[in-house]
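# Reading the structure
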Amino acid sequence: MVMISAGSFDMGSTENTVEQPVYRVNVPAFFLGRTEVTQAQWIAVMGSNPSNFSNCGVDCPVENISWNDAQEFAKRLSDKTGKTYRLPSEAEWEYAARARSRGKWSFGDDESQSADHAWYIKNSGLTTHAVAQKRPNAFGLFDMHGNAWEWVQDIWHVNYQGAPSDGSAWVNGGDQAQRVVRGGGWYDLPWVLRSGNRIHHDPRARFANTGMRVVRTN
């Protein structure tokens, strides 16, 4: 886990209507997984490996998990360790992904640097890869761009009108049948990997490009 210091940032972007309006968020300090949850970590907690790319190896991100599965993993991990684990809020995730950068990606606006920081469609070979092989961002976090999409806690809303500004998850209103995912995956173009990009899935859905990362709160 990496301790992410408290701070303020401008959440969202002008790239897409679902990322607007850009607004100021104050985020308390929290601990975030240095990497995506790996297959080895999932097996240790859950006792099985659901990953489509299990042949990638246990150091690769777990994927093919639903939001509901992610909730169960966090609960069991909390019970096992005596610590409290959960999914990050969307604001916590974007704050951590940006790592104080105002660019499209944590490394700025130069798309040509994507291959140094992410596994995506141009270099992935259409599979996941072991975590922490690319450059970390300024907070010391790996694979915030690419490799596997990451579930976050929030309900899907079509824009940020009325979003909380305290870094908490937005769980009221919106489309209660959809949850937010962030970060892009092994099959995406660089534009999709932007820090501000956001999409949504049914919380029961499982995809070979979607995994998770955890927050620890104590």
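Now for a quick tour of the structure.

## As for the packing of helix H1 (residues 39-46) against helix H2 (residues 67-81)
How two helices pack is summed up by the angle between their axes together with the distance between the axes. The geometry of H1 relative to H2 is characterised by a closest axis approach of 9 Å and an angle of 70° between their N-to-C directions. Overall, the two elements H1 and H2 adopt an arrangement that is roughly perpendicular. Relative to H2, the crossing made by H1 is left-handed. Across the interface between the two elements, Gln41, Trp42, Ala44, Val45 and Met46 of H1 pack against Asp69, Ala70, Glu72, Phe73, Arg76, Leu77 and Lys80 of H2. Per-class residue counts for the contact of H1 with H2 are 7 nonpolar, 1 polar and 4 charged.

## Considerations on the side chain of Ser51
In this fold, Ser51 is placed in the loop between H1 and H2. The exposure class of Ser51 is buried, given its relative accessible area of 7%. In contact with Ser51, not counting residues within four places along its chain, are Gln39, Pro61, Val62, Glu63 and Asn64.

## Focus on the state of the cysteines
One pass over the full model with this rule turns up 1 disulfide. There is a disulfide in this structure between Cys56 and Cys60, and the S-S distance comes to 1.9 Å. Since a negative S-S torsion denotes a left-handed disulfide, the Cys56-Cys60 link at about -70° is left-handed. With a relative accessible area of 26%, Cys56 lands in the partly exposed category.

## Describing the nonpolar core
In a soluble, globular protein the nonpolar side chains are often hidden away together inside. Residues Ile4, Phe30, Leu32 and Leu141 are the most contacted members of the largest nonpolar core, which totals 26 residues. Going through the elements one at a time, strand E1 (2-4), strand E2 (7-11), strand E3 (23-27), strand E4 (30-32), helix H3 (90-98) and strand E6 (149-156) are the ones with two or more residues in this core. Of all the elements, H3 adds the most residues to this core, at 5 residues. Contacts of Leu32, omitting those with residues within four sequence positions, involve Met1, Val2, Ile4, Pro88, Ala96, Leu141, Met144, Arg213, Val214 and Val215.

## Let's talk about the environment of Ser48
On the secondary structure map, Ser48 appears in the loop between H1 and H2. We classify Ser48 as partly exposed; its relative accessible area is 41%. Once the C-alpha coordinates of Ser48 and Trp186 are considered, the two residues, 138 residues apart in sequence, prove to be 23 Å apart. With near-sequence residues (within four places) excluded, Ser48 lies in contact with Trp42 and Ile43.

## Topic: the sheet that holds strand E9 (residues 210-211)
Strands pair in a sheet through their backbones, by hydrogen bonds, and they do so in one of two ways: parallel or antiparallel. Strand order in this open sheet of 4 strands is E8-E7-E6-E9, and the pairing throughout is mixed. Two strands in the sheet have a free side with no partner beyond their single neighbour: strand E8 (198-201) and E9. Looking at chain direction, E6 and E9 are connected through 2 bridges and run parallel. Each residue of the ladder has a partner; that of Trp149, found in E9, is Thr210.

## What to know about the environment of Ser51
Expressed as a C-alpha distance, the spacing of Ser51 and Ala208, which sit 157 residues apart in the sequence, is 7.0 Å. At a separation of 3.4 Å, a polar atom in the side chain of Ser51 contacts the main-chain amide nitrogen of Glu63.

## Details of the environment of His200
Mapping His200 onto the fold places it in strand E8. For His200 and Trp67, which are 133 residues apart along the polypeptide, the C-alpha to C-alpha distance reads 11 Å. The residues contacting His200, other than those within four sequence positions of it, are Trp156, Gln178, Arg179, Val180 and Val181. Here the side chain of His200 touches Gln178 through a polar contact of 2.8 Å, side chain to side chain.

What counts and what doesn't
- Residues numbered from 1 in each chain as written.
- Predicted model: local features only at pLDDT ≥ 70, side-chain atom pairs only at ≥ 80, totals over all residues.
- Heavy atoms only, no water.
- Axes fitted to C-alpha atoms, helices over the stretch in contact; angles between N-to-C directions.
- Helix = DSSP H or I, 4+ residues; strand = E, 2+ residues; numbered from the N terminus.
- Parallel < 35°, antiparallel > 145°, perpendicular 65-115°, else oblique.
- Left-handed = near helix turned anticlockwise from the far one by under 90°.
- Contact = heavy atoms within 4.5 Å.
- Nonpolar A, V, L, I, M, F, W, Y, C, P; charged D, E, K, R; others polar.
- Buried < 20%, exposed > 50% of the residue type's maximum accessible area, 1.4 Å probe, protein only.
- Disulfide = S-S within 2.5 Å.
- Core = buried A, V, L, I, M, F, W, Y, C linked by side-chain atoms within 4.5 Å.
- Pairing = 2+ DSSP bridges.
- Polar contact = N/O pair within 3.5 Å; in protein donor to acceptor, adjacent residues only side chain to side chain.

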